[in-house]
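Given next are the chains, with one letter for each unit.
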Amino acid sequence: MEMYAAIGMVVLLAAALATLAPAAWGLDRAEFPPGFLFGAATSAYQVSWLLWSFSLLLFDRSVRMHYRDCDFWFQIEGAYLEDGKGINNWDIFTHTRRGRLGGVNSAGIAFYDRLIAALWQKGIEPFVTLHHFDQPQELETRYGSWLGAGIREEFDFYADVCFMAFGDRVKFWTTFNEPNVFAKHSYMLGTYPPNHCSSPFGTCNSGNSNQEPYVAAHNIIMSHAAAVDNYKRNYQAKQGGSIGIVIEMKYYEPLTNTTDDILAAQRAMSFEIHWFLDPLFFGEYPKEMREMLSSNLPKFSLAEKRLLQNKVDFIGVNHYTSIYAKECMLSPCDLNTYEGNALVLAIGERDCVRIGKPTALDGFYDVPEGMEQIIKYVNKRYENVHIYVAENGYSQHSSNGLEDLINDVGRVNYLQGYLSSVASAVRRGANVRGYFVWSLMDNFEWAHGFTVRFGLYHVDFDTQVRIQKMSAKWYHDFLMGSRPVDALLTLRADS
């Protein structure tokens, strides 16, 4: 029965490949320099949150038992190709719980020891992130999570445990993934745990949207700085690795050519990107934020500024979409939005024309040229630092039929367009060193649960059965340098 199902799916894939945009066949891995890293990303909580029974996490209290596990171990099986070639890098997120308060979690250390060993055995280099949205409930109880400065010491200890345990085999470390998204959704909009917000940004049981996002961000920035300082002083020379941070980055275009909308786009970039990166490179928050937020934005002490002098080795760019920016300083807007604190309204249409093809996530569009623009922007502002595209992916509605989900033509065209944009940036001198697709497989997408899918592999969340999507086949062929016509003929022969 399973064999026939697989054969039928190959026939469907062969038919669907013929519908790809012509450009999807034109991308060549040779357009990227030698040593350029390619991979697929996942997040521990999003694929394995019910797999273990260690200490309670903050997100566990929020989602309860409404979601199902995606079986973490499949990532090891699915991240490499059977011939040992293709994807040579894989983004994983450590999930060692408890830390200083309860001692080192030996089971967590053992789990990642096995995982890292299995990855290297298959020729896959791990690219490890220490924090991806979740943290132990104990830290919320004790410190108020990121609102309390005491969490900095906990994170520093946790990072040190990871450097010591895994640093001989992990050469790429990321301290935080999308702390800008986390701070806004957790402490401004209240859509992520601990669900803090206040009017006009949302209605929550507690919180202060005018202050808490910036207090949390300040503690995250200083936790990052402490971890980087520790790594560079005590580990980097002997372990030979590098360390950075990953920021979510939309590319904001002015809705009109008016000065007000141009300034709105600049403010949106400041509240999205400069908020976290300017302190790491320049020792201060951006002036646009200081002017608007005044005393609500914390100030760095002299001791904190000294700690910030340790520069990151790379910036991770998570980029999914571009969007138009409309000013809201002089005209009324709904501030209960992601850009509301910048007094900006993000709009996907100009003169009734969409900025790009819509995807399953509201406000996310297929605008491949935005990838090159955001890369150039980051390279120019931050001293030509190394860049890794840490996440880039395309969403589908889970309610789509199985055939549509597997024959994901939209995802293939999206990935081809954005990878072509990365290649163009590289040709023009951008210092990009790698690219990761989000995501290796369908998983739990935070507030969206299982209603949207980003995976190269389809997951049946009830049976845990996986099916290779057309995008996985396309990515394989791109990495292998296969000619598209050869790939299509192979599929037809297999059918």
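Worth saying up front: this structure is predicted, and the values here are computed from it rather than measured.

*Asks:* Honestly, unusual backbone geometry in this entry has me stumped. Any pointers?
*Replies:* Glycine aside, residues mostly have negative phi, and peptide bonds are mostly found in the trans state. The residue after Ser 199, namely Pro 200, is reached through a cis peptide bond having omega 5°. Positionally, Pro 200 belongs in the loop between helix H8 (179–187) and helix H9 (212–234). Note that the residue after Trp 438, namely Ser 439, is joined by a cis bond; omega there is 10°. Within the secondary structure layout, Ser 439 lies in the loop between strand S16 (432–438) and strand S17 (452–453). Phi at Asp 351 takes a positive value of approximately 55°, unusual for a residue other than glycine. In the Ramachandran plot, Gln 464 falls in the positive-phi region, its phi being about 70° despite a non-glycine side chain. Here Gln 464 lies in the loop between strand S18 (457–459) and strand S19 (466–468).

*Asks:* Would you mind going over the state of the cysteines with me for this structure?
*Replies:* Here a disulfide denotes a covalent bond joining the sulfur atom of one cysteine to the sulfur atom of another. All chains considered together, the criterion is met by 2 disulfides. Each sulfur of the disulfide joining Cys 197 and Cys 204 lies 1.9 Å from the other. Judged by the torsion about the S-S bond (105°), the Cys 197/Cys 204 disulfide is right-handed. On the basis of relative accessibility, which here comes to 2%, the residue Cys 197 falls in the buried class.

*Asks:* Please explain the sheet that holds strand S8 (residues 322–327) as it appears in this structure.
*Replies:* Note on sheets: strands pair through backbone hydrogen bonds, and any given pair is parallel or antiparallel. Read across the open sheet, the 3 strands follow the order S6-S8-S9; overall the sheet is mixed. One side of each edge strand has no neighbouring strand; the edge strands of this open sheet are strand S6 (251–254) and strand S9 (344–347). Between one strand axis and the next, the sheet turns by 45° as a mean value, whatever way the strands run. As judged from the 4 bridges shared by S8 and S9, these two strands associate in the antiparallel manner. Note that in S9 the partner of Lys 326 across the bridge is Leu 345.

*Asks:* Is there a simple way to think about helix H5 (residues 106–121) in this case?
*Replies:* Residues three or four positions apart in an α-helix share a direction because the helix packs 3.6 residues into each turn. The end-to-end C-alpha distance of H5 is 22 Å, a good match for the 22 Å that 16 residues give at a rise of 1.5 Å each. Gly 123 lies just past H5 and shows a positive phi near 80°.

*Asks:* I would appreciate a short explanation of the packing of H8 against helix H11 (residues 259–282) in the present structure.
*Replies:* Helices that pack against each other are described as a pair by the angle of their axes relative to one another and the distance between those axes. It is at 9 Å that the axes of H8 and H11 come closest, and there the two elements cross at 115°. Judged by the sense of rotation from one axis to the other, the crossing of H8 with H11 is right-handed. Residue-level contacts link Pro 179, Asn 180, Ala 183 and Lys 184 of H8 to Phe 271, Glu 272, Trp 275 and Phe 276 of H11. Of the residues in the contact of H8 with H11, the class split is 5 nonpolar, 1 polar and 2 charged.

*Asks:* Can you help me understand the packing of H9 against H11 in this one?
*Replies:* For the pair H9 and H11, interaxial distance at closest approach is 10 Å and the crossing angle is 40°. When the axes of H9 and H11 are compared, the pair comes out oblique. Regarding H9 and H11, the two cross each other, and that crossing is right-handed. Residue-level inspection shows Pro 213, Tyr 214, Ala 217, Ile 220, Ile 221 and His 224 of H9 in contact with H11, the latter providing Phe 271, Trp 275, Phe 276, Pro 279 and Leu 280.

*Asks:* It is not clear to me how the packing of aromatic side chains should be interpreted in this structure. Could you clarify?
*Replies:* Between two aromatic rings, the relevant description is the distance of the centres plus the angle of the planes. Applying the stated criterion to the full structure yields 34 aromatic pairs. With a centroid separation of 5.1 Å and an interplanar angle of 85°, the aromatic rings of Phe 32 and Phe 38 are classed as edge-to-face. Phe 38 shares its class with Phe 32; the two are buried. By the ring-pair criterion, three or more aromatic residues cluster together here, those being Phe 32, Phe 36, Phe 38, Trp 474, Tyr 475 and Phe 478. The ring of Tyr 338 carries Lys 184 above its face, with NZ or CZ at 4.1 Å from the centroid.

*Asks:* Teacher, can you tell me more about H8 here?
*Replies:* H8 sits mainly inside the fold: 9 of its 9 residues count as buried. Turning to H8, its buried residues number three or more, namely Pro 179, Asn 180, Val 181, Phe 182, Ala 183, Lys 184, His 185, Ser 186 and Tyr 187. Tucked inside the fold, the buried residues of H8 contact strand S3 (125–131), strand S4 (172–177), H9, strand S5 (242–248) and H11.

The rules behind these values
- Residues numbered from 1 in each chain as written.
- Predicted model: local features only at pLDDT ≥ 70, side-chain atom pairs only at ≥ 80, totals over all residues.
- Heavy atoms only, no water.
- Helix = DSSP H or I, 4+ residues; strand = E, 2+ residues; numbered from the N terminus.
- Disulfide = S-S within 2.5 Å.
- Buried < 20%, exposed > 50% of the residue type's maximum accessible area, 1.4 Å probe, protein only.
- Pairing = 2+ DSSP bridges.
- Axes fitted to C-alpha atoms, helices over the stretch in contact; angles between N-to-C directions.
- Expected span 1.5 Å × (residues − 1).
- Left-handed = near helix turned anticlockwise from the far one by under 90°.
- Contact = heavy atoms within 4.5 Å.
- Nonpolar A, V, L, I, M, F, W, Y, C, P; charged D, E, K, R; others polar.
- Parallel < 35°, antiparallel > 145°, perpendicular 65-115°, else oblique.
- Phe/Tyr/Trp six-rings, centres within 6.5 Å; stacked < 30°, edge-to-face > 60°.
- Lys NZ or Arg CZ within 6 Å of the ring centre and 35° of its normal.

The analysis is restricted to geometry; functional conclusions fall outside its scope.
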